[in-house]
Amino acid sequence: MKSCGVSLTTAAVAFGDEAKKMAAGKASRESEEESLSLTVEEREALGGMDSRLFGFVRLHEDGARTKTLLGKAVHCYESLILKAEGKVDSDFFCQLGHFNLLLEDYSKALSAYQRYYSLQADYWKNASFLYGLGLVYFYYNAFHWAIKAFQDVLYVDPSFCRAKEIHLRLGLMFKVNTDYKSSLKHFQLALIDCNPCTLSSAEIQFHIAHLYETQRKYHSAKEAYEQLLQMENLPAQVKATVLQQLGWMHHNMDLVGDNATKESFAIQYLQKSLEADPNSGQSWYFLGRCYSSIGKVQDAFISYRQSIDKSEASADTWCSIGVLYQQQNQPMDALQAYICAVQLDHGHAAAWMDLGTLYESCNQPQDAIKCYLNAARSKRCSNTSTLAARIKFLQNGSDSWNGGQSLSHHPVQQVYSLCLTPQKLQHLEQLRANRDNLNPAQKHQLEQLESQFVLMQQMRHKEVARGLHKSQSSCLSGPNEEQPLFSTGSAQYHQATSTGIKKSNEHLTLPSNSVPQRDADSHLSSHTATSGGQQGIIFTKESKSSKNRSLVPETSRHTGDTSNGCADVKGLTNHVHQLIADAVSSPNHGDSPDLLIADNPQLSALLIGKANDNVGTGTCDKVNSIHVAVHTKTDHSVASSPSSAISTATPSPKSTEQTSINSVTSLNSPHGGLHTVNGEGLENSQSSTKVDLPLVSHRSTSQIIPSMSVSICPSSTEVLKACRNLGKNGLSSSCILLDKCPPPRPPTSPYPPLPKDKLNPPTPSIYLENKRDAFFPPLHQFCTNPKNPVTVIRGLAGALKLDLGLFSTKTLVEANNEHIVEVRTQLLQPADENWDPTGTKKIWRCESNRSHTTIAKYAQYQASSFQESLREENEKRTQHKDHSDNESTSSENSGRRRKGPFKTIKFGTNIDLSDNKKWKLQLHELTKLPAFARVVSAGNLLSHVGHTILGMNTVQLYMKVPGSRTPGHQENNNFCSVNINIGPGDCEWFVVPEDYWGVLNDFCEKNNLNFLMSSWWPNLEDLYEANVPVYRFIQRPGDLVWINAGTVHWVQAVGWCNNIAWNVGPLTACQYKLAVERYEWNKLKSVKSPVPMVHLSWNMARNIKVSDPKLFEMIKYCLLKILKQCQTLREALVAAGKEIIWHGRTNDEPAHYCSICEVEVFNLLFVTNESNTQKTYIVHCQDCARKTSRSLENFVVLEQYKMEDLIQVYDQFTLALSLSSSS
Ligand SMILES: [Zn+2]
């Protein structure tokens, strides 16, 4: 049992005593007390229960007794706490939190956990508390906090028994947050773990496959899905979902052959999916779409109808039905179908678009404009600009346009970055519980919180919806929807299909309950009301032979609008198509990341029919799942129970939902991630209050490096004697600093904030005139002084007579023209700004595609880009003689005018110059640099690693055209870096001091970016607002930029130029401290540390005389921790009878990393028997080894150092007398 189990027992015992005392004191109420106390057996049973059982206890049927017991325990604890006026041991609250969690009473669990948190300073040592807290946050969709809590668990206890569940949930949350790299890593970590968790490995594999699909890696996705189908005993639901994904992917993507082939594949997959799950409305819907796209109208209608029968009215289905009618020249029917669609989903951009085109075709521009406006307002509409142009065109062209006419407004909520703090959630729950006894102020508060909560939920939905429909192309169900990416030719395509359509005469009659009546605020909605309303809609399919069918009479009858005549229905489509096609082909991707999984990350949700809506819509798909995201409420689906998350997603649950709910329960995971409030009046809630959060505002704990007073440096014998008595279970944490150190936290913003006029500080610069200047010792000290985040050494190349020509493109081509170049394809952005690809708003995300080429080819590109610009320049000059200064105009316009579309450029990056044979002259030239800036030197920590870390202790080259961008980052493990501009053009640098990295990290999180892994370009306005100082300067050819330890920076090329760069680790306390801090932070974030700090620390102890006492103590302290860990682990293994095999080390053998989780593994390597026999030596850390083989029976343990050797190194590492006065 873990700590918490123990503490529970004591708490329970204490409680028993306490209760007895009280009972004795109040004899009159003795019997009552009696009934409130727990028996010994009950206490024992409860002793084993904490958050780790979540998802594994049954509370129904045979678990009813457990439920009763938990209920009783909660009751007892609560009454005791009440009597003691809250003055009880903090463990009581923790335990109460666990019990409530197991009972799925999340708000009470949260409240109890928060009491514990506030009382228990070292709460972070309690893994089951952190785990319980994470689960509660997860339930409330507070992913930001759930991620933190879960990461803390793994940090303080990497061998936590629910590590698998944590990885699974982290994977899901990162998927929702579009942090796909992290998501994949966690799914894989979950998959290798043979412990139980709430999803089967088939389901986890499904998520991985779907993750590929989400990232548009369709071939990998297809492969992964197909692999899943091979799996034995694949559950039917998973099978159905996999087949559905495959079908829909084939429909949308060119994965195989021509159009006919891919549609036939798609149809086959979908039919098989329906065999596995005949009740999936979604699959029927997809099937309809496939039939429709190959002109099988009859089959399409039948499928759509099945879809509606199976899954209730879906806006997508109705929209597609509308399309089908429109293609058949049945505009009235199309109209009705579209109206159904927008009634079901007011934000259905595609349906509004289609409706607009329909009206336009009937020469009713006002109505068309209204529809387009509604489409444009939809959060899922990403081509608003094209729409706006269209609207403008119509407005200008339409004489009858009445500007004063008021449009019907669809409630399109502002995007509030809403988030309720757990405190507020808890408060809300309390207020709700006491709804009847509130004073007016509290009532008001409740109302406000309710509306905030609702907005929060809605925003989540919308975010998801936006993600699901990454661009208009994906949500447009317009007539051209059938074209995969709507590029060209959709108009012709449409004509081709529509002429081939056979008219059907059947009546498609819908059951009366299939169209939930809503209060529609669009005038259009009145259509449905009159033409059928709840009574059911009958699609009259009169044969329409005439091309020029007048819509007017009917339309005006329904809407009461003045009609403007009729149109050639057929004729309409063309220009409309053009419009849509244009809209769609504009580069829209990128800014709205494809959120794939729904906001209900509910693991289980995913595999159920309905869950497809959440999950199953790859980026490729167009329509599915819209309704999930949008129907935060409907008249029917009021989420009264937590498990109704799924039913909230769709109006009036039917069979499919039923199954889905069942499977949720069967997975026994916390039901619905969406805790939905009763649906009434949501849309009217106006609260736009921005909630200021930090919930459990984590204390600024973690001085990772112990303060100097801590550092007693005992001799190794004492240490080892002490640790002989430590735990036997195979100590797992490899935190190199303290036995248990608190999880690292980013620094909060420095206080007091800098005044605004200090936010553009001058950049520390040094001008060199000659070689002596360059070798003047204070230069080194200036650069490494922590007060200077960056130093520009001007004129360095000249002073040292460096031959920069060796790095010119011409020389590089001559030297190694076939050498490989990594290429980043980027958008040419206005100077120092970063816009979304459509140029609508400034964003932080700046993802770029990666590819590879050769130096010769990039050189060609670089040269031709230069020539082209010369030509353009000349043309401009001849056209407008006086037009010159476009730099100033571009900045003047910033923020006002729309940007874009942006030209794409290619940036040749990370070119590896490590090979001494290939780059002999170049590398030799760099030895002319002063020692502190050299690639290799005795004073450079990276020269003591003993092996190559590409790009860090070797040189990298960058080949640039104007606008090439290196996104924001700190160097690996916070090392210093050296960068020399070769020229001929300049580079512009942006630099933020190290102590602000926490602020930038926050900005990244707010923008759904991973500070460590994603590509981001800070918005300077955001930084200014947040009082973050930014150094900004131009690096000219021959200038060396020294980036100090931990400095955040980002760079863009002003002209055509090459740069060379590498890292340096000065032997300073500051550098070592920051490197170790980042090492720990990386561990918390599951990111690999390129610098193996443990390995390096031992090498330093062996090779370096350290005279700085601060640095010395830090190194010594780290060595001590590692020594202790080695010893403890070793003894535990031996005690468990595990043989340790001597393996030793070769010279220059690189440090080892776990092949699974990528933490550094030092000294004791866990290698599978198989890998050992094959001598491939694939290394695992102990925790990962135990995940696949609990008692390590499949592993051998290889030892690389003798304990005596390590002990000797430790003891012999002493503070050297300072020889120079410099430090
Ligand atoms: Zn590992």
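About the cut-offs
For every chain, the first residue of the written sequence is number 1, and numbering continues from 1 onward in sequence order. Owing to the predicted nature of the model, reporting of local features is limited to residues with pLDDT of at least 70; listing and counting of side-chain atom pairs is limited to 80 or more, with chain, interface and lining totals taken over all residues. Each side-chain value is derived from all of the structure's non-hydrogen atoms; neither hydrogens nor water enter the calculation. What counts as a helix is a DSSP run of H or I of at least four residues, what counts as a strand is a run of E of at least two, and both are numbered from the N terminus. Under the scheme applied here, a residue whose accessible area is under 20% of the maximum for its type counts as buried, over 50% as exposed, and between as partly exposed, the area being computed with a 1.4 Å probe on protein chains only. A contact between two residues is defined here by any heavy atoms of the two lying within 4.5 Å. The Shrake-Rupley method, run with a 1.4 Å probe, gives the accessible areas here. Residue values count only the displayed protein chains as cover. Only strands joined by at least two bridges in the DSSP assignment are considered to pair. A fitted line through C-alpha atoms serves as each axis, taken over the contacting stretch for helices, and the angle formed by two N-to-C directions is quoted from 0 to 180°. Orientation categories follow fixed angle ranges, with anything under 35 degrees roughly parallel, anything over 145 roughly antiparallel, 65 to 115 roughly perpendicular, and all other angles oblique. Note: crossing handedness is left-handed where the near helix turns anticlockwise from the far helix by less than a right angle, and right-handed where it turns clockwise. Just so you know the grouping, Ala, Val, Leu, Ile, Met, Phe, Trp, Tyr, Cys and Pro go in nonpolar, Asp, Glu, Lys and Arg go in charged, and all remaining residues, Gly too, go in polar. Working definition of a nonpolar core: buried Ala, Val, Leu, Ile, Met, Phe, Trp, Tyr and Cys residues. They are joined through side-chain atoms within 4.5 Å. Distances decide who is a donor: an N, O or S atom must be within 2.8 Å of the metal, or within 3.2 Å for Na, K and Ca. Water is not included, so sites may look incomplete. For four-coordinate sites, all angles between 85 and 135 degrees define a tetrahedron; for four- and six-coordinate sites, opposite donors beyond 155 degrees with the remaining angles between 65 and 115 define square planar and octahedral shapes respectively, and all other cases count as irregular. What counts as a ring pair is set by centres within 6.5 Å for rings of Phe, Tyr and Trp (its six-membered ring), and what kind of pair is set by the plane angle: stacked under 30 degrees, edge-to-face over 60, tilted for all other angles. Consider the ring centre and the ring normal. A charge sits over the ring if Lys NZ or Arg CZ is within 6 Å of that centre and within 35 degrees of that normal.

### Topic: the overall build of the protein chain
Logical step 1: The number of helices and strands found in the protein chain is 48 helices and 21 strands.
Logical step 2: Put simply, the protein chain has 1223 residues, and 60% of those count as buried.
Logical step 3: Long-range contacts, defined as pairs at least 24 residues apart, comprise 79% of the intrachain contacts of the protein chain with a sequence gap of at least 6.
Logical step 4: Split by element, the accessible area of the protein chain, about 48,400 Å² in all, is 51% carbon and sulfur.

### Here we look at the pairing of strand β5 (residues 820-827)
Logical step 1: Bridge analysis of β5 against strand β6 (residues 849-854) gives six bridges, and the strand direction is antiparallel. By the bridge assignment for β6, E822 is matched with H852.
Logical step 2: By the bridge criterion, six bridges tie β5 to strand β7 (residues 904-912) in an arrangement that is antiparallel. When the bridges of β7 are listed, R824 appears paired with F907.

### Focus on the packing of helix α7 (residues 127-139) against helix α8 (residues 143-156)
Logical step 1: Orientation of α7 relative to α8, taken along the N-to-C sense of each, is 160°, at an axis distance of 8 Å. In terms of axis orientation, α7 runs roughly antiparallel to α8. The hand of the α7/α8 crossing is left-handed. Where α7 abuts α8, its residues A127, L130, Y131, G134, L135, Y137 and F138 lie against F143, W145, A146, A149, F150, D152, V153 and V156.
Logical step 2: Across the contact of α7 with α8, the residue classes tally to 13 nonpolar, one polar and one charged.

### A few points about the nonpolar core
Within soluble globular proteins, side chains that are nonpolar tend to cluster in buried spots.
Logical step 1: One finds F129, F150, V992, L1000 and L1023 to be the most contacted residues of the largest nonpolar core, which totals 82 residues.
Logical step 2: With ten residues, α7 is the single largest residue contributor to this core.
Logical step 3: Residues contacting F150, with those up to four places away along its chain left out, are Y131, G134, L135, F138, I166, R169, L170 and M173.
Logical step 4: Membership of the second largest hydrophobic core comes to 48 residues, among which are Y285, A315, Y338 and Y359.

### Structural notes on the sheet that holds strand β15 (residues 1057-1064)
Logical step 1: Taken in spatial order, the nine strands of this open sheet run β3-β4-β13-β10-β15-β8-β7-β5-β6, and their pairing is mixed. In this open sheet, the two edge strands, each paired with only one partner strand, are β3 (765-767) and β6. Direction aside, neighbouring strands of the sheet carry axes that sit 25° apart on average.
Logical step 2: Note: strand β8 (residues 956-960) against β15, five bridges, orientation antiparallel. Its bridge partner being in β15, Q956 is matched across the sheet by A1061.
Logical step 3: Sitting on the sheet, helix α38 (residues 855-879) touches β5, β6, β7, β8 and β15, and the angle it makes with β6 is about 105°.

### Focus on the environment of Y77
Logical step 1: Among the secondary structure elements, Y77 is positioned in helix α4 (residues 64-83).
Logical step 2: By relative accessible area, which is 0% here, Y77 ends up buried.
Logical step 3: Residues Y77 and F93, spaced 16 residues apart in sequence, show a C-alpha to C-alpha distance of 8.5 Å.

### Details of the sheet that holds strand β11 (residues 987-992)
Logical step 1: Taken in spatial order, the four strands of this open sheet run β9-β14-β11-β12, and their pairing is antiparallel. Edge strands, defined here as strands with exactly one partner in the open sheet, are β9 (965-969) and β12 (1031-1035). Strand after strand, the sheet turns through a mean of 15° between neighbouring axes, direction not considered.
Logical step 2: Bridging between β11 and β12 involves five bridges; their strand directions are antiparallel. Directly across from E988, in β12, lies its bridge partner I1034.

### Comments concerning the coordination of the zinc ion
Logical step 1: All of the protein donors around the zinc ion are C1154 (SG), C1157 (SG), C1181 (SG) and C1184 (SG); their distances to the metal are 2.2 to 2.3 Å.
Logical step 2: Viewed at the metal, the four donor atoms of the zinc ion are separated by angles of 104 to 115°, and the geometry they form is tetrahedral.

### Here we look at the packing of aromatic side chains
Logical step 1: This structure, assessed with the given rule, holds 33 aromatic pairs.
Logical step 2: Judged by centre distance (6.2 Å) and plane angle (35°), the ring pair of W844 and W1016 falls under tilted. Of this pair, W844 sits in the loop between β5 and β6 while W1016 sits in the loop between α41 (997-1006) and α42 (1020-1025); the two residues are 172 residues apart in sequence, bridging distant segments of the chain. Like W844, the residue W1016 is buried in the burial classification.
Logical step 3: The interplanar angle of 75° and the centroid separation of 6.0 Å between the aromatic rings of F990 and W1017 together place this pair among those described as edge-to-face. Of this pair, F990 sits in strand β11 while W1017 sits in the loop between α41 and α42, and the two are 27 residues apart along the sequence. Across the pair, exposure class does not vary: F990 and W1017 are buried alike.
Logical step 4: Seen from the ring of W1017, R965 lies directly overhead, with NZ or CZ sitting 3.9 Å from the centre.
Logical step 5: Over the ring of W1142 we find K1202, and its NZ or CZ is 3.9 Å from the ring centre.

### Comments concerning unusual backbone geometry
Logical step 1: That bond from Y751 to P752 is cis: its omega, -5°, falls within 30 degrees of zero.
Logical step 2: Residue G983 is joined to P984 through a cis peptide bond whose omega torsion reads 5°.
Logical step 3: Along the chain, P984 turns up in strand β10 (residues 976-984).
Logical step 4: The backbone of N910 sits at a positive phi, close to 50°, despite the residue not being glycine.
Logical step 5: The backbone of N1027 shows a phi angle near 55°, a positive value even though the residue is not glycine.
Logical step 6: Looking at where N1027 falls in the secondary structure, it is placed in the loop between α42 and β12.

### Digging into the pairing of strand β19 (residues 1164-1168)
Logical step 1: Within β19, four of the five residues are buried, which leaves it mostly tucked inside the rest of the structure.
Logical step 2: Note that β19 and strand β21 (residues 1195-1199) share five bridges and pair antiparallel. When the sheet's bridge partners are listed, F1166 is paired in β21 with V1197.
Logical step 3: Pairing between β19 and strand β20 (residues 1179-1180): two bridges, direction antiparallel. If you follow F1166 over to β20, its bridge partner there is H1180.

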